[in-house]
Every structure is written in structure tokens, then in C-alpha cells.
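# Close look at the chain arrangement
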Amino acid sequence: MAQAEYSPSQTPGMRLSCLSLRDFRNYRSFELSNIGALTILVGPNAVGKTSAVEGISLLTACSSFRTTQAAQMIKWGCETAQLEAKFQSASRQVDMGLTISAGRRSYRMNGKPRKAADVRGLVPAVSFTPDDLHLAKGAASARRDAIDSVGVQLSRNFYSVCVDYRKLVKQKNQALKDELPDAYIESLNDVLVRVGVQVLIHRLQVLDRLRPHFQSYYREITGGGEEASVLYAPCWAKDAPLEPGSLTRDDALAQLTSYMGSRAIAERARKRCLVGPHADAVTFTVEGHDAAHFASQGQQRSIVLAWKLAEAAVIAAATGNAPLLLLDDVMSELDDARRSYFMNFIAGDMQAFITTTHTDYFTDDMLARADIITLDGSESFVGGARED
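In what follows, the accompanying structure is described.

What counts, and where the lines are drawn
Per chain, the residues get numbers from 1 upward, laid out in the order the sequence is written. Per-residue local features are limited, in this predicted model, to residues with pLDDT of at least 70; the limit for side-chain atom pairs, both in listing and counting, is 80 or more; totals at the level of whole chains, interfaces and linings are taken over all residues. Note: side-chain values were computed over all heavy atoms of the structure, leaving out hydrogens and water. Per-residue accessibility, obtained with a 1.4 Å probe over protein chains only, is compared with the maximum for each type, and a residue is labelled buried under 20%, exposed over 50%, and partly exposed between these values. By the criteria applied, helices consist of DSSP H or I runs no shorter than four residues and strands consist of E runs no shorter than two, each listed in order from the N terminus. Any two strands with at least two DSSP bridges between them are considered paired. Multiply 1.5 Å by the residue count of a helix minus one, and that product is the helix's expected span. Note that the arc is computed from the directions linking the helix axis to the C-beta atoms. We place a 1 Å grid over just the protein atoms. Points where a 1.4 Å probe fits but has no way out form a cavity, open points with protein on both sides within 12 Å along at least 5 of 7 lines form a pocket, and any residue with an atom within 4 Å of a point lines it. Grid points are joined across faces, edges and corners, and a volume is the space filled by probe spheres set on the points. Under this grouping Gly is polar, as are all residues other than the nonpolar Ala, Val, Leu, Ile, Met, Phe, Trp, Tyr, Cys and Pro and the charged Asp, Glu, Lys and Arg. Every axis in this analysis is a line fitted to C-alpha atoms, fitted for helices over the stretch in contact. Angles between the N-to-C directions lie between 0 and 180 degrees. Any two residues whose heavy atoms approach within 4.5 Å are treated as being in contact. Should an angle lie under 35 degrees it is considered roughly parallel, over 145 roughly antiparallel, and from 65 to 115 roughly perpendicular; all remaining angles are considered oblique.

## A short note on the pairing of strand β5 (residues 93-101)
Within β5, 7 of the 9 residues are buried, which leaves it mostly tucked inside the rest of the structure. Here 9 bridges tie strand β4 (residues 80-88) to β5, and the two strands are oriented antiparallel to one another. For A81, the partnering residue across the bridge sits in β5 and is I100. Linking β4 to β5, which pair antiparallel, is a turn of 4 residues.

## Quick word on helix α6 (residues 249-262)
Helix length check: α6 (14 residues) gives 20 Å between terminal C-alpha atoms against 20 Å at 1.5 Å per residue, within 8%. Within α6, the full set of buried residues consists of A252, L256 and M260. When α6 is viewed along its axis, its buried side chains cluster within an angular range of 55° and face the same direction. Exposed residues on α6 whose side chains face more than 90 degrees from its buried face are D250, S258, G261 and S262.

## Description of the pairing of strand β8 (residues 125-128)
Alternating residues of β8 divide into A125 and S127 and V126 and F128, and every residue in both groups is buried. Where β8 and strand β12 (residues 324-328) come together, 4 bridges link them in parallel fashion. Paired with V126 across the strands is L325, a residue of β12.

## Details of the layout of surface pockets
Gaps between atoms show up when a probe of the same size as a water molecule is rolled over them. Here the largest pocket defines a volume of roughly 1600 Å³. Lining the largest pocket are 48 residues; nearest its centre among them are S63, S64, T68, D145 and S149. Contributing elements (two or more residues each) for the lining of the largest pocket: β6 (104-109), β8, α3 (140-154), α4 (156-177), α5 (182-221) and α9 (297-319). Examining the composition of the lining of the largest pocket, we find that 10 residues originate from one element, α3, more than from any other. Of the residues in the lining of the largest pocket, the class split is 19 nonpolar, 15 polar and 14 charged.

## Concerning the sheet that holds β4
Within the open sheet, the 7 strands sit side by side as β7-β6-β5-β4-β1-β2-β15. Their pairing is mixed. At either margin of the open sheet sits one strand with a lone partner, and together these are β7 (112-114) and β15 (380-384). Going from strand to strand, the sheet's axes swing by 15° on average, the running direction of each strand aside. Bridge count for strand β1 (residues 15-24) against β4 is 7 bridges, and the pairing is antiparallel. Bridge pairing in β4 links C18 to K86. The strands touched by helix α1 (residues 49-60) are β1, β2 (27-33), β4, β5 and β6; relative to β1, the strand with the most contacts, the crossing angle is about 115°.

## Quick look at the packing of α9 against helix α10 (residues 336-346)
Their axes nearest at 11 Å, the elements α9 and α10 cross at an angle of 5°. By the angle between their axes, α9 is roughly parallel relative to α10. Judged by residue contacts, G298, Q299, R301, S302, L305, L309 and A312 of α9 engage R338, Y341, F342 and F345 from α10. Looking at the contact of α9 with α10, its residues break down into 6 nonpolar, 3 polar and 2 charged.

Below, the structure written as C-alpha cells:
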């Protein structure tokens, strides 16, 4: 299976130094400057901690882990939200900007308009939220999205292909609802298969990068007493997961084309597209058993933690730039052992932002090197890291 080309970042060693939010979520204004390696945002629920890290995600990964609806991000009564950030390395500074209006996001880099695809992954990010803790046992769509979220930060082409594929599935769903002629559906299928295979091949290549890191981290987290893995089964063979590197592009085209033809009557009956990578199965396993059904809650949490660490490791290796870690209220969901492991990982060279309701989860050493930002729900906030 041919490997996708992942180009190293043009901005190795970039760190977020300043963040500004205007009319974003509950904030009239939010200013954070002189940002260090570890920032802990502290306060009760609903005071804007999550909004701050969501803003960072929008300026790095170009996505929100809370919503896809632009209107929900704009402060009530306002027409637009403005987000700005400064990223710095030893040799370069990049100013990033984002204007959010109803139904539209407009990015800027160093004052010049840019498409989201041009800035996504420039300074990569990995987010970890309580919703991610359902990754092991929840719907397969979340696991597919988890692979894709890494892929789009590694490859601009992957993002474009995913967008094209979603449009084609939507178009086919509408055509089936409208009961359009077979000839039209078949013409859509021809394109859908070609684009779908691109999604599938990209996805498998990303997973091949993630899997060894995931397995290694899981062994470390659990003390080496058990093995975990992640399996991928295409829609035409959900009971026969693929062996790494076993599927060629030509074979995928033939298999997907054949299976799509065999499901034509079923798609007509159900009036929706049933075949393609949006229907593939992704499964976590522990000791060869499906984690969704057989893993304990502790094992499932170890799976998610190992996966997030694998995301960070793969992005760092592929881009040459350690991603920002955005941890939104997950410390309370991890036990002492897993929390300690994660904190040791953060102690490396990655810049991290953590939201929490209190600081009892952190060691004295962690607190000593962190910038503690206390939020109280005010519409305006101005703060910064301690000066050395």
C-alpha cells in the first residue's frame, strides 16, 4: 500500500504566546499573554474555561471539539466573534486570526486571508475531553472521526478528500430520497467509489502510524500485563478486519464497487447511502476481545489515554512540531495512576492547557511550574503567565 506524503511543519518548535478572544462564547473579551509551557485554567463550571481552550483549538486544528455551528460560538447579541493568537519559535513569529460570523469562518495569517486548509496543522493540537472517554465503547463513527482528526492535520489532501466524500454521500442520500433514476445513482456511485477509496487508503495509512504508538502506550499504562490493539474492517467485510498493509488501492476499488452494486436494492429501500468508508468499523480490543463489550471501565480509560498519547506522538513525528495538548476537565475522570502517567507525559516538551474545577489533582511540582489562571465567569479577563 503506497504511503501518503506528510510534509514536516514549516514552523518547528512553535508555541502559543498570546491569545485574544472577542465576543466569543460568554466572553466580551479574553486576553492571555506571556503563555508558558503549562497553563491550568481553574474555576467552577460555566465560567469560560472550556471556551478558552476551544478558541485555541479553532486557531490550531481549525475545529471545535464542542460544535460545528458557528452561530453557537458568537456571544449572544453580537454579529461576529474575533479570535487572535501569536505563535512563536526561536526564529519566527506567526500571527493567526479568525473571524466567525453566522455560517462562515474567515482565517488570517500575518494579516493576510487564508483558507482553513492553509493554516490547519501549522501549529497542530490534540484535544482530550470527557466525551472522548466514550471512544472505546461508543459508536464507530467516533473512532472513524478520531482517525480523521489526526489525518487532516497531517495532510491537506486528506482534508480535501474527506470534504468531497461527505458532499457526495449527502448528494446520494438526497438522490435516493428523491427516487432519481438508476443511471443517475450509478453515475454518483462511480465518483463515490473513487473518492471513498481515497478516504479509506488515507485512513489506513494514518492508523498504521497510530497503532504501534497506541499499543506501546497501553502496555506502559497498564504495566505490561495485557495487550490492546485497534482493528479496521471495511464495510464489505465487517467480520474480517484488515491486516496492516494488506489492502491495495486496486483491491479496494474492486471490493467497494462490487459491494456497492450488491447493496443497490437495500439503499433504494432505505433511501440512504449504506456503502463506503462512512460505514466502516473501527474496534478497540483488549487481549483480542472487543473493548466495547468486554473491557472494564478502567481498561476503556486506558485505551482512550493511550490513543490520545498516540495522536500526539504521531503528529509530532510526522510534522516535526510537538502538538499543543488541550485537556478539558478530564483530570477528574482519571484515577490516580492514569492521571500520574498523563502528567509525566505532559512534563515533556509539549505545551499544555488544562481546565479543572480545582488543583487537588496536581502535584506540588506540577503546580510550581504551571501558570494558574483563575476564572470567575466575568465577561472580560486579562491575565498572563508569571515572569521568570
